[in-house]
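So you can see what is in the structure, the chains are spelled out below.
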Amino acid sequence: KAGRIGKKIKHIRVADQSTRWGSCSTSGTLSFSCRLVFAPNYVVDYIAAHEVAHMRHMDHSDRFWKLCDELCDSNHMVRAKHWLKTRDDIYMRYRLD
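Notes on the structure in this doc start here. As the structure is a computational prediction, the values presented were derived from the model and not from experiment. (Residues numbered from 1 in each chain as written. Predicted model: local features only at pLDDT ≥ 70, side-chain atom pairs only at ≥ 80, totals over all residues. Heavy atoms only, no water.)

### Some points on the pattern of salt bridges
Working step 1: What the rule picks out here adds up to 3 salt bridges.
Working step 2: For Asp-45, the salt bridge goes to Lys-1, with nearest N and O atoms at 2.7 Å. Of the two residues, Asp-45 sits in helix H1 (residues 41-53) while Lys-1 sits in the segment before strand S1 (11-15), which places them 44 residues apart along the sequence.
Working step 3: Residue Asp-45 is classed as buried on the basis of its relative accessible area of 12%.
Working step 4: The salt bridge involving Glu-70 is made with Lys-66; its shortest N-O contact spans 2.6 Å. One end of the pair is Glu-70 and the other is Lys-66, both in helix H2 (residues 62-71) and 4 residues apart, which spans about a single turn. (Salt bridge = Lys/Arg side-chain N within 4 Å of Asp/Glu carboxyl O. Helix = DSSP H or I, 4+ residues; strand = E, 2+ residues; numbered from the N terminus. Buried < 20%, exposed > 50% of the residue type's maximum accessible area, 1.4 Å probe, protein only.)

### What to know about the state of the cysteines
Working step 1: Scanning the entire structure with this criterion turns up 0 disulfides.
Working step 2: No disulfide involves Cys-72; its nearest neighbouring cysteine sulfur is the one of Cys-68, lying 4.6 Å away. (Disulfide = S-S within 2.5 Å.)

### Observations regarding the nonpolar core
Working step 1: One finds Val-43, Tyr-46 and Ile-47 to be the most contacted residues of the largest nonpolar core, which totals 25 residues.
Working step 2: Looking at this core, the elements with two or more residues in it are strand S3 (29-33), H1, H2 and helix H3 (76-92).
Working step 3: Broken down by element, the residue count for this core peaks at 7 residues, all from H1.
Working step 4: With residues near it in sequence (within four places) discarded, Tyr-46 still touches Trp-65, Cys-68, Cys-72, His-76, Met-77, Ala-80, Lys-81 and Leu-84. (Core = buried A, V, L, I, M, F, W, Y, C linked by side-chain atoms within 4.5 Å. Contact = heavy atoms within 4.5 Å.)

### Things to note about H1
One turn of the α-helix equals 3.6 residues, which is why residues spaced by three or four share an orientation.
Working step 1: For H1, which comprises 13 residues, the first-to-last C-alpha distance of 18 Å matches the rise-based estimate of 18 Å (1.5 Å per residue) to within 8%.
Working step 2: Inspection of H1 places Tyr-42, Val-43, Asp-45, Tyr-46, Ile-47, Ala-49, His-50, Glu-51, Val-52 and Ala-53 among the buried residues, and these make up the whole buried set. (Expected span 1.5 Å × (residues − 1).)

### Quick word on the packing of aromatic side chains
Each aromatic ring pair is summarised here by two numbers: the centre-to-centre distance and the angle between the ring planes.
Working step 1: One pass over the structure, following the stated rule, counts 2 aromatic pairs.
Working step 2: Here Phe-64 and Trp-65 contribute two aromatic rings whose centre-to-centre distance is 4.8 Å and whose plane-to-plane angle is 80 degrees, an arrangement assigned as edge-to-face.
Working step 3: Relative accessible area serves as the criterion here: at 0%, Phe-64 is assigned to the buried category.
Working step 4: The ring of Tyr-42 has Arg-79 sitting right over it, with the charged end atom 3.8 Å from the ring centre.
Working step 5: When the ring centre of Trp-65 is taken as origin, the NZ or CZ atom of Lys-81, which lies over that ring, is 4.1 Å away. (Phe/Tyr/Trp six-rings, centres within 6.5 Å; stacked < 30°, edge-to-face > 60°. Lys NZ or Arg CZ within 6 Å of the ring centre and 35° of its normal.)

### Comments concerning a nonpolar patch on the surface
Working step 1: The grouping of Ile-9, Ile-12 and Val-14 at the surface amounts to a nonpolar patch, some 260 Å² of accessible area in total.
Working step 2: Its place among the elements puts Ile-12 in strand S1.
Working step 3: By relative accessible area, which is 48% here, Ile-12 ends up partly exposed. (Patch = residues over 30% accessible without salt bridge, like charges linked within 9 Å, V, L, I, M, F, W, Y side chains within 5 Å. Areas by Shrake-Rupley, 256 points an atom, 1.4 Å probe, with all protein chains shown as cover.)

This is how it looks when you write it as structure tokens:
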């Protein structure tokens, strides 16, 4: 996904993030919650696209959402946002340590 927008990922970090599914730093580091292992593939695809889109747009502007939609496979964004909205509290409620 990063290659599709001409960007390079500096580093990928996986950790027990209990408040968010992923994040993108201005230095090009993408961080993902280890809890994504429990999510369907289309959700993982959307989260990856979302964070890669932040490599170009560090906001949630219309341009960001358009790029995010372009980076997601088929209709993953709509399905994934629904899945996250209806299950986020279940997966993020507990600390894993």
